[in-house]
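# Residue-level structure breakdown
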Amino acid sequence: MSKKNKKKNGLKIGLFTFIIIAVISGIGYFSMQILGTEKQPEEEPVVKKNESEIEGYGITLDDHDTDLYRSEYTLLKENLESDTIDFSAYAESVAKLFIIDLYTIKNKTNKYDTGGVEFVEPSTVENYKLNVEDTLYKYVEDNTNNTRTQSLPVVDSIEVTKKSEEKFKMESEDKEYQAYKITLTWTYSNDLGYDTKGEVIVINKENKLYVVEKN
């Protein structure tokens, strides 16, 4: 074989080897990319699980509720399932649970996961939710994939400081109801500048108590 032919063969072998190496390298690279993508753990979506419900009242307890909420919920459940309901204590529990759930924002999935809804008079729920979404919950970041790092409040104590009975008129129904005006104060596990006191009006509508106003 002439030197010229040997040189050509050498070039062909070198080129062929280069192509083989390039193809193998490419396959390896893309395989690593695919495997790497598959190995990355996916964030588990936040799913709340219902643990208890007070039959006939639509008031529930889920696995994301705080110890404070659980404690007051248990008192309310015992009261409502007793032979004789203490309506004064019932009103206090509703007011407390409403505030605890509304201002404990850390356990909410996003701005649309509105706290306190179960205690609000049914005909006013939609307006209540819109108001909370546009004010108190306006800047709450989404936590659907459990990745939020935003600091949010958790109510860790609450007490009734004043309570009185009176009449409250529902303008939408042009009707008066027996009501409780309840003043409360509360604290947080970490003070972030949120409200620490307020007044809640709870009405008795067909022997079920609902929040109709919060000041």
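Our subject is the structure that appears above.
Residues numbered from 1 in each chain as written. Predicted model: local features only at pLDDT ≥ 70, side-chain atom pairs only at ≥ 80, totals over all residues. Heavy atoms only, no water.

### Overview of the pairing of strand β1 (residues 50–54)
As a reminder, the rule being used: A strand pair is defined by DSSP finding two or more bridges across the two strands. The numbering of helices and of strands both runs from the N terminus, where a helix is a DSSP run of H or I of at least 4 residues and a strand a run of E of at least 2.
Taken together, the 4 bridges between β1 and strand β2 (residues 59–62) define a ladder with antiparallel strand orientation. Each bridged residue has a counterpart across the sheet, and for Glu53 the counterpart in β2 is Thr60. Linking β1 back to β2 in an antiparallel pair, the connection comprises 4 residues, with Gly56 at a positive phi of about 85 degrees.

### A closer look at the nonpolar core
Here is the rule we go by: What we call a nonpolar core is a set of buried Ala, Val, Leu, Ile, Met, Phe, Trp, Tyr and Cys residues that are connected through their side-chain atoms within 4.5 Å. To sort residues, take the accessible area from a 1.4 Å probe on protein chains only and compare it with the maximum for the residue type: under 20% means buried, over 50% means exposed, and anything in between is partly exposed. Note on contacts: a residue pair qualifies if any of its non-hydrogen atoms lie within 4.5 Å across the two residues.
The biggest cluster of nonpolar side chains holds 37 residues, and the ones touching the most others in it are Phe98, Ile99, Phe119, Leu184, Trp186, Val200 and Val202. Elements supplying a minimum of two residues to this core: β2, α2 (67–80), α3 (87–103), α4 (125–134), β3 (155–170), β4 (175–188), β5 (197–205) and β6 (208–214). At 10 residues, α3 tops the list of elements feeding residues into this core. Excluding residues that lie within four positions of it along the chain, Val200 makes contacts with Ala95, Phe98, Ile99, Tyr180, Lys181, Ile182, Leu184, Val211, Glu213 and Lys214.

### Thoughts on the pattern of salt bridges
Basically, it comes down to this: The salt bridge criterion pairs a side-chain nitrogen of Lys or Arg with a carboxyl oxygen of Asp or Glu, the two atoms within 4 Å.
According to the stated counting rule, one finds 10 salt bridges in the structure shown. We note a salt bridge from Lys181 to Glu166, for which the minimum N-O separation is 3.7 Å. A residue pair is termed long-range when its members are at least 10 positions apart, and Lys181 in strand β4 and Glu166 in strand β3 qualify at 15 residues. Owing to a relative accessible area of 26%, Lys181 belongs among the partly exposed residues under this scheme. Here Glu166 falls in the partly exposed class, since its relative accessible area comes to 27%. In this structure, Glu173 engages Lys205 in a salt bridge whose closest nitrogen and oxygen atoms are separated by 2.6 Å. Within this pair, whereas Glu173 is found in the loop between β3 and β4, its partner Lys205 is found in strand β5, the two being separated by 32 residues in sequence. Classification of Glu173 by relative accessible area gives partly exposed; the value is 29%.

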